[in-house]
Amino acid sequence: MPYTKDDDKKYQEELKHKIAELKKEKNAVILAHNYQRESVQDIADIVGDSLQLARSAAKVNADIIEFCGVQFMAESASILNPDKKVLLPVKEAGCPLADMISPEKLMALKSEHPDAAVVCYVNSSAEVKAESDVACTSSNAIEVVQSLPNQKIIFVPDENLGKYVQSQVPQKKLINWKGFCPTHIRLSEEEVIRAKREHPQAEFLAHPECNPEVLKLADQVCSTGGMFKYARQSPSKEFIIGTESGMLYRLQKENPDKKFYLPSEHLVCANMKLITLGWVAHSLEFEIEEVRVPEAIRLKAKKSLDKMLEITYGK
Ligand code: 13P
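For the structure given in this document, a descriptive report is provided here. Predicted, not measured: the structure shown is a model, and the values here were computed from it.

1. Topic: the sheet that holds strand E4 (residues 85-87)
Then, in step 1: Across the sheet, which stays open at both edges, the 4 strands sit in the order E2-E1-E3-E4 with parallel pairing between neighbours. Strands at the two margins of the open sheet, each flanked by one partner only, are strand E2 (46-48) and E4. Strand-to-strand twist of the sheet, defined as the mean angle between neighbouring strand axes without regard to direction, takes the value 20°.
Then, in step 2: Bridge analysis of strand E1 (residues 28-33) against E2 gives 3 bridges, and the strand direction is parallel. When the sheet's bridge partners are listed, Leu-31 is paired in E2 with Ile-46.
Then, in step 3: Packing of helix H13 (residues 277-286) onto the sheet brings it into contact with E1, strand E3 (64-68) and E4, and relative to E3 it is tilted by some 155°.

Now the structure itself:
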């Protein structure tokens, strides 16, 4: 019999059912980043931005944390909650930005600037976090930098976020690493101008990983979590969304009377999209791929993450 779309739908329903059963049987909780596929967001217990997920991961009381995101996010969950088994459904779901700095390169930079504090974006490895004073996400980077007594700050690895923070905290001197997110830097000024021309009433919300020329065109620069909050509260009815395509699903679902547009077809993170319902079911069934950080590194990396959570949420 030829394959039909209905079969596909049926298969998806079977997978959803299997995941629900496995979750119960294994006492697992599913966390998903805002960039995940719609089908994966639908089966998650919590969908959020990097900061919300790190905070949730630290408090999870289940035996297994099934992390539908990329490697550094699952690693952070394991660092913060080491007694839980943290699973990343697809081992290859990495973050090219996080791979742009190594602990050795960071140590070399630190020795050139011994008076600087080190702030690492959470999009970094556990080893880099272990060499940093404090971590940050796109939603608290300004607050974290402002909270430090040092005038000089080494900021790794995202240069666009570092430059944006510098523009908001001019009293500090940021030494920015030249890393970038391959998805966000693909969004061009021309694409945003075209989208604004096509939707003249729309507000443009941009993620701080976008290029500075793009950020100059933004009505609001915010994290993915910040975009949900802003879109909900704003009286505007239309928004151009300058970040990964996965955001549009929940924005539209939560704001049915508003319209959301993606300014470029290139805003797709291939790593985030590696995770499918099939891989989630497989991962839960066989309890793979487990993410664990060697204890000596974990303890040092945890200090950076704990300090970030303390600055943002208090003790
Ligand atoms: P948020 O912290 O805004 O969710 O961003 C995560 C990320 O990896 C952006 O590329």
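Right, picking up where we left off after that structure.
2. Some details on the site of the ligand
Then, in step 1: Every residue close to the ligand is listed here: His-33, Tyr-35, Asp-49, Ser-50, Asn-123, Ser-138, His-184, His-207, Glu-209, Ser-223 and Thr-224.
Then, in step 2: In the model, an oxygen atom of the ligand is placed 3.0 Å from a nitrogen or oxygen of the Ser-138 side chain.
Then, in step 3: Within the side chain of His-207, a nitrogen or oxygen atom sits 2.9 Å from an oxygen atom of the ligand.
Then, in step 4: For the ligand, whose accessible area on its own is 310 Å², the fraction buried by protein is 96%.
Then, in step 5: Looking at side-chain class alone, the shell around the ligand contains 1 nonpolar, 8 polar and 2 charged residues.

3. Side note on the packing of aromatic side chains
Then, in step 1: Tallied over the full model, the rule gives 1 aromatic pair.
Then, in step 2: Centre to centre, the rings of Phe-239 and Phe-260 are 5.4 Å apart; their planes meet at 15°, and the pair counts as stacked. One end of the pair, Phe-239, is in strand E11 (residues 238-242); the other, Phe-260, is in strand E12 (residues 259-261), and 21 residues separate them in sequence.
Then, in step 3: Among the residues examined, Phe-239 registers a relative accessible area of 0% and is labelled buried.
Then, in step 4: Classification of Phe-260 by relative accessible area gives buried; the value is 7%.
Then, in step 5: A cation over a ring is seen here: Arg-55 above Tyr-313, with NZ or CZ 3.6 Å from the ring centre.
Then, in step 6: Lying across the ring of Phe-228, Arg-250 places its NZ or CZ 3.8 Å from the centre.

4. A word on the sheet that holds strand E10 (residues 220-221)
What holds strands together in a sheet is hydrogen bonding between their backbones, with the strands either parallel or antiparallel.
Then, in step 1: Read from one edge to the other, the open sheet built from 4 strands follows the order E10-E9-E11-E12, with strand pairing classed as parallel. A strand with exactly one partner marks an edge of an open sheet, and here the two such strands are E10 and E12.
Then, in step 2: Pairing analysis gives 2 bridges linking strand E9 (residues 203-206) to E10, with the strands arranged parallel. Counted as the bridge partner of Ala-206 is Val-221 from E10.

5. Thoughts on the environment of Arg-232
Then, in step 1: Within the fold, Arg-232 resides in helix H11 (residues 224-233).
Then, in step 2: Judged by relative accessible area, which is 49%, Arg-232 ranks as partly exposed.
Then, in step 3: Taking C-alpha positions, Arg-232 is 8.0 Å from Glu-254, a pair spaced 22 residues apart along the chain.
Then, in step 4: The residues contacting Arg-232, other than those within four sequence positions of it, are Glu-254, Asn-255 and Lys-258.

6. What about the environment of Leu-299?
Then, in step 1: Mapped onto the fold, Leu-299 is located in helix H14 (residues 295-313).
Then, in step 2: Sequence separation of Leu-299 and Leu-80 is 219 residues, and the distance between their C-alpha atoms is 9.2 Å.

7. A closer look at the nonpolar core
Then, in step 1: Ranked by internal contacts, the top residues of the largest apolar core, which has 91 residues, are Phe-67, Val-119 and Ile-241.
Then, in step 2: A total of 6 residues in this core trace back to one element, the largest contributor, which is helix H4 (residues 71-80).
Then, in step 3: Apart from residues lying up to four places away in sequence, Phe-67 is in contact with Leu-31, Leu-53, Met-73, Ala-74, Ala-77, Val-86, Leu-87, Leu-88, Pro-89 and Ile-275.
Then, in step 4: Core analysis: the second largest hydrophobic core is formed by 14 residues, Leu-187, Val-192, Leu-215 and Tyr-261 among them.

8. As for H13
Then, in step 1: If you check which residues of H13 are buried, you get Leu-277, Val-280, Ala-281, Ser-283 and Leu-284. Buried positions in H13, seen along its axis, are confined to an arc of 165° and lie on one side of it.
Then, in step 2: Taken from the residues just after H13, Glu-287 is the one with a positive phi, measuring 55°.

9. Side note on the side chain of Glu-209
Then, in step 1: Note on placement: Glu-209 falls in the loop between E9 and helix H10 (212-216).
Then, in step 2: Among buried Asp, Glu, Lys and Arg side chains, Glu-209 stands out as unpaired, with Arg-186 the closest opposite charge at 11 Å.
Then, in step 3: A polar side-chain atom of Glu-209 sits 2.5 Å from a polar atom in the side chain of Tyr-121.
Then, in step 4: What Glu-209 contacts, discounting residues up to four positions off in sequence, is Leu-97, Tyr-121, Asn-123, Asp-158, Asn-160, Cys-181, His-184 and Ile-185.

10. Structural notes on unusual backbone geometry
Only a minority of non-glycine residues have a phi that is not negative, and only a minority of peptide bonds are not trans.
Then, in step 1: For the bond running from Val-156 to Pro-157, omega is -15°, close enough to zero to count as cis.
Then, in step 2: Glu-289 follows Ile-288 through a cis peptide bond whose omega is -10°.
Then, in step 3: Looking at where Glu-289 falls in the secondary structure, it is placed in the loop between H13 and H14.
Then, in step 4: Even without being a glycine, Asn-27 presents a positive backbone phi close to 50°.
Then, in step 5: The backbone phi angle of Glu-287 is positive, close to 55°, even though this residue is not glycine.
Then, in step 6: Within the secondary structure layout, Glu-287 lies in the loop between H13 and H14.

Analysis parameters
- Residues numbered from 1 in each chain as written.
- Predicted model: local features only at pLDDT ≥ 70, side-chain atom pairs only at ≥ 80, totals over all residues.
- Heavy atoms only, no water.
- Pairing = 2+ DSSP bridges.
- Helix = DSSP H or I, 4+ residues; strand = E, 2+ residues; numbered from the N terminus.
- Axes fitted to C-alpha atoms, helices over the stretch in contact; angles between N-to-C directions.
- Contact = heavy atoms within 4.5 Å.
- Near = heavy atom within 4 Å.
- Polar contact = N/O pair within 3.5 Å; in protein donor to acceptor, adjacent residues only side chain to side chain.
- Areas by Shrake-Rupley, 256 points an atom, 1.4 Å probe, with all protein chains shown as cover.
- Nonpolar A, V, L, I, M, F, W, Y, C, P; charged D, E, K, R; others polar.
- Phe/Tyr/Trp six-rings, centres within 6.5 Å; stacked < 30°, edge-to-face > 60°.
- Buried < 20%, exposed > 50% of the residue type's maximum accessible area, 1.4 Å probe, protein only.
- Lys NZ or Arg CZ within 6 Å of the ring centre and 35° of its normal.
- Core = buried A, V, L, I, M, F, W, Y, C linked by side-chain atoms within 4.5 Å.
- Arc of directions from axis to C-beta.
- Lys, Arg positive; Asp, Glu negative; His and termini not counted.
- Salt bridge = Lys/Arg side-chain N within 4 Å of Asp/Glu carboxyl O.

Worth remembering: the numbers are spatial, not functional.
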